[in-house]
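Here is what each chain is made of, one letter per residue.
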Amino acid sequence: MVKNLEKGATHMHETRTIVIYKFLSKTMLKPISEIAPYIPFGKSKTTQLLKAMGEKGVVAIEGKGRGTKYRIK
């Protein structure tokens, strides 16, 4: 049962990551304010997922705090 829950959580994480990835650009930096309105979950969850994507090397993160912007690597 626990393995099924973990598998479901991983699948949900991957699905959310794909949703965010579709709104990013390879050439244009985008702030969270341009991404969040189109994502079906909250701004803080979107920020967490973008940070995780940055740690995996999928997304480039530039700037700090309110000036943070994201693009596909």
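Residues numbered from 1 in each chain as written. Predicted model: local features only at pLDDT ≥ 70, side-chain atom pairs only at ≥ 80, totals over all residues. Heavy atoms only, no water.

Visitor: Please set out the pattern of salt bridges residue by residue, giving values where relevant.
Guide: Two side chains carrying opposite charge are able to pair once their charged atoms lie near each other. Scanning all chains against the criterion turns up one salt bridge. Linking arginine 71 and glutamate 62 is a salt bridge whose minimum nitrogen-to-oxygen distance equals 3.7 Å. By relative accessible area, which is 24% here, arginine 71 ends up partly exposed. For glutamate 62, a relative accessible area of 36% corresponds to the partly exposed category. (Salt bridge = Lys/Arg side-chain N within 4 Å of Asp/Glu carboxyl O. Buried < 20%, exposed > 50% of the residue type's maximum accessible area, 1.4 Å probe, protein only.)

Visitor: Please give an account of helix α3 (residues 43–55) that cites residues and values.
Guide: Between its first and last C-alpha, α3 extends 18 Å over 13 residues, near the 18 Å set by a 1.5 Å rise per residue. All of the buried residues in α3 are Thr46, Leu49, Leu50, Ala52 and Met53. Seen from one end, α3 has its buried residues packed into an arc of 160°, which puts them on one side. The outward face of α3, more than 90 degrees from its buried face, is lined by the exposed residues Lys43, Ser44, Gln48, Lys51 and Glu55. Following α3 by one or two positions, glycine 57 adopts a phi angle in the positive range, close to 85°. (Helix = DSSP H or I, 4+ residues; strand = E, 2+ residues; numbered from the N terminus. Expected span 1.5 Å × (residues − 1). Arc of directions from axis to C-beta.)

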